[in-house]
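One letter stands for each residue in the lines below.
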Amino acid sequence: MSIDDFWGVIPAGGSGTRLWPLSREASPKFLHDLTGSGRSMLQSTFDRLGPLCDDRFLVVTGWQHVDAVREQLPELGEDDVLVEPSRRESMPAIGLAAAILEARHPGAIIGSFAADQVIIDEEAFRACVTEAVAVARTGKLVTIGIEPTHAATQFGYIETGEPLDIDGAPRAHGVTAFVEKPDPLTAEQYFRSGRFRWNAGMFVVQAATLMSMLEHYQPLMAKYLRQIAEKPIRINELWPRLTKLAIDNAIAEPAAVDGRVAVIPGDFSWDDVGDFASLAGLLADNADSPGVKVLGRRELVVMQDATGVVAPRSGRTVVAMGVDDIVVVDTDDAVLVTSRARAQDVKKIVEQLVETGRANLT
């Protein structure tokens, strides 16, 4: 199943503020096991790509997380971890990996997959990536679009176009447009039309093609990234000059308008674990207490006439009675109590902590 010239690129960044206090600046969600699998989200991403890449990986992460990344993935070589001096969104991170591979391994194809996503059917995922590689060989930027299960407003969408006739990729379609997170009415229209897919931020492309597109749409960024690839010692000098841009805004959206983007339909279960409501959907019910989801030691949770998700991380016993759809996260220095309905708003609490001088808790 290994694809000789295929490299797995894993952007490992972000702080996952909607999963606070589990996820923190110093220990973001990709470093945690959030499904009870025994492997962190980063490790699971690495495992999922391994059969396609063998040992061809680049992980791009912030300087604060380098040691943790190396500890979790001891298989990585010295040059397989690229360190961002500061956050610059996904385009500089993925572009740095592409610039390095363009210089060192001409003809390399990269598959960029974020470190903080959950995919259940890994065989189906790898089949989609294999099709995407076949399309990438034709010079297109390829994304994998997730088939929507409901009218979600927390994801961007991909509008699919006409089928493409490409050997090895029978399900490939062109992409008409990338669209931002919609309002509920628009999301319902997207869902019912059958033409839209969720944008999971998965991209497969030849490294040289990505850099050529970047040179066309963001020429200064391409210039600086190539200079860093040529002389890595210049990264601290040049990195601050890079514009903070997501890959969608930087190249995917304009390239779609120019007919240079394709999509492979993702027919596998996917979740970005964006908040505790999403997390609850990934955890199994407690056998003794239907409707109760526990992330951690089940014996520490006592629920009576109550449902919800509980993460007992401090070692203390957590008890809830007479409440439905509650979220309780108990850590050594902070306790979160909310409802699944308000799970998206946890980010606002993190912002409030920063504003009130308690950034040490974030």
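Residues numbered from 1 in each chain as written. Predicted model: local features only at pLDDT ≥ 70, side-chain atom pairs only at ≥ 80, totals over all residues. Heavy atoms only, no water.

Undergrad: Help me out: how do you make sense of the nonpolar core in this one?
TA: As a rule of thumb, nonpolar side chains are buried together in soluble globular proteins. Among the nonpolar cores identified, the biggest contains 51 residues, and Phe 6, Phe 113, Met 202, Val 204, Ile 264, Phe 268 and Trp 270 are the most heavily contacted of them. It is helix H4 (residues 122-136) that provides the largest number of residues to this core, a total of 9 residues. Those residues in contact with Phe 113, other than ones at most four positions away along the chain, are Phe 6, Val 9, Ile 10, Pro 11, Thr 45, Leu 49, Phe 125, Val 129, Ile 144, Met 202 and Val 204. Counting residues in hydrophobic clusters, the runner-up holds 47 residues, among them Met 91, Ile 94, Met 211 and Ala 222. (Core = buried A, V, L, I, M, F, W, Y, C linked by side-chain atoms within 4.5 Å. Buried < 20%, exposed > 50% of the residue type's maximum accessible area, 1.4 Å probe, protein only. Helix = DSSP H or I, 4+ residues; strand = E, 2+ residues; numbered from the N terminus. Contact = heavy atoms within 4.5 Å.)

Undergrad: When you look at the packing of helix H6 (residues 207-217) against helix H7 (residues 219-230) in this model, what are you seeing that I'm missing?
TA: At a closest axis distance of 5 Å, the pairing of H6 and H7 adopts a crossing angle of 135 degrees. By the criterion of interaxial angle, the relationship of H6 to H7 is oblique. Every residue of H7 that contacts H6 at Met 211, Ser 212, Leu 214, Glu 215, His 216 and Tyr 217 is listed here: Pro 219, Met 221, Ala 222, Leu 225 and Arg 226. In terms of residue class, the contact of H6 with H7 is built from 7 nonpolar, 2 polar and 2 charged. (Axes fitted to C-alpha atoms, helices over the stretch in contact; angles between N-to-C directions. Parallel < 35°, antiparallel > 145°, perpendicular 65-115°, else oblique. Nonpolar A, V, L, I, M, F, W, Y, C, P; charged D, E, K, R; others polar.)

Undergrad: Can you walk me through the packing of helix H3 (residues 90-104) against helix H9 (residues 247-257) in this structure?
TA: A pair of packed helices can be characterised by two numbers: the angle between their axes and the separation between those axes. Relative to each other, H3 and H9 sit at 70 degrees, their axes nearing to 7 Å. Comparing the axis directions of H3 and H9 gives the class roughly perpendicular. Across the interface between the two elements, Ser 90, Met 91 and Ile 94 of H3 pack against Ile 247, Ala 250 and Ile 251 of H9. Taken together, the residues of the contact of H3 with H9 sort by class into 5 nonpolar, 1 polar and no charged.

Undergrad: In this structure, what is going on with H4? I would like to understand it.
TA: The α-helix winds at 3.6 residues per turn, so residues separated by three or four positions along the chain end up facing the same way. Its 15 residues place the ends of H4 21 Å apart at the C-alpha level, agreeing with the 21 Å of an ideal helix rising 1.5 Å per residue. Of all 15 residues that make up H4, 11 are buried, and the element is covered over most of its length. Among all positions of H4, only Ala 124, Phe 125, Arg 126, Cys 128, Val 129, Glu 131, Ala 132, Val 133, Ala 134, Val 135 and Ala 136 are buried. Between the side-chain oxygen at the start of H4 and the backbone nitrogen of Glu 123 there is a gap of 3.4 Å, and the oxygen is on Asp 121. (Expected span 1.5 Å × (residues − 1). Polar contact = N/O pair within 3.5 Å; in protein donor to acceptor, adjacent residues only side chain to side chain.)

Undergrad: Help me understand unusual backbone geometry, please; the structure alone is not making it clear to me.
TA: Omega for the peptide link from Trp 20 to Pro 21 comes to 5 degrees, which places this bond in the cis form. Tracing the backbone shows Pro 21 in the loop between strand E1 (6-12) and helix H1 (41-53). The phi dihedral of Asp 54 falls on the positive side, at around 55 degrees, and the residue is not glycine. Positionally, Asp 54 belongs in the loop between H1 and strand E2 (57-62). Asp 54 gets classed as partly exposed once you look at its relative accessible area, which sits at 45%. For Asp 325, which is not glycine, the phi torsion reads 55 degrees and is therefore positive. For Asp 325, the position within the fold is in the loop between strand E16 (318-321) and strand E17 (326-330).

Undergrad: For this particular structure, what's the right way to read the pattern of salt bridges?
TA: When charged atoms on two side chains of opposite charge get close, those side chains can pair. Counted under the stated rule, the structure contains 21 salt bridges. The partner of Lys 29 in a salt bridge is Asp 116, and the shortest N-O contact between them spans 3.8 Å. Pair noted here: Lys 29 is in the loop between E1 and H1 and Asp 116 is in the loop between strand E4 (109-112) and strand E5 (118-119), with a separation of 87 residues, a long-range link. Taken individually, Lys 29 and Asp 116 each receive the classification buried, so the pair is uniform in this respect. A salt bridge links Arg 126 to Glu 122, with the shortest nitrogen-to-oxygen separation between them at 3.6 Å. Here Glu 122 and Arg 126 lie together in helix H4, a separation of 4 residues that amounts to about one turn. By relative accessible area, Glu 122 is classed as partly exposed at 28%. In this structure, a network of salt bridges that share partners links the residues Glu 102, Glu 215 and Arg 226. (Salt bridge = Lys/Arg side-chain N within 4 Å of Asp/Glu carboxyl O.)

Undergrad: Explanation requested: the packing of aromatic side chains in the structure shown.
TA: In this description, a pair of aromatic rings is defined by centroid distance and the angle of the planes. As enumerated under the stated definition, the model contains 9 aromatic pairs in all. Members of the aromatic cluster, connected to one another through ring pairs, are Phe 113, Phe 125 and Phe 268. Directly above the aromatic system of Phe 125 lies the positively charged group of Arg 48, at a separation of 5.7 Å from the ring centroid. (Phe/Tyr/Trp six-rings, centres within 6.5 Å; stacked < 30°, edge-to-face > 60°. Lys NZ or Arg CZ within 6 Å of the ring centre and 35° of its normal.)

Undergrad: Help me understand the environment of Leu 58, please; the structure alone is not making it clear to me.
TA: By secondary structure assignment, the location of Leu 58 is in strand E2. When the C-alpha positions of Leu 58 and Trp 20 are compared, they lie 28 Å apart, and in sequence the two are 38 residues distant. Setting aside anything within four residues of it in sequence, one finds Leu 58 in contact with Trp 7, Gly 8, Val 9, Ile 10, Asp 79, Asp 80, Leu 82, Ala 97 and Leu 101.

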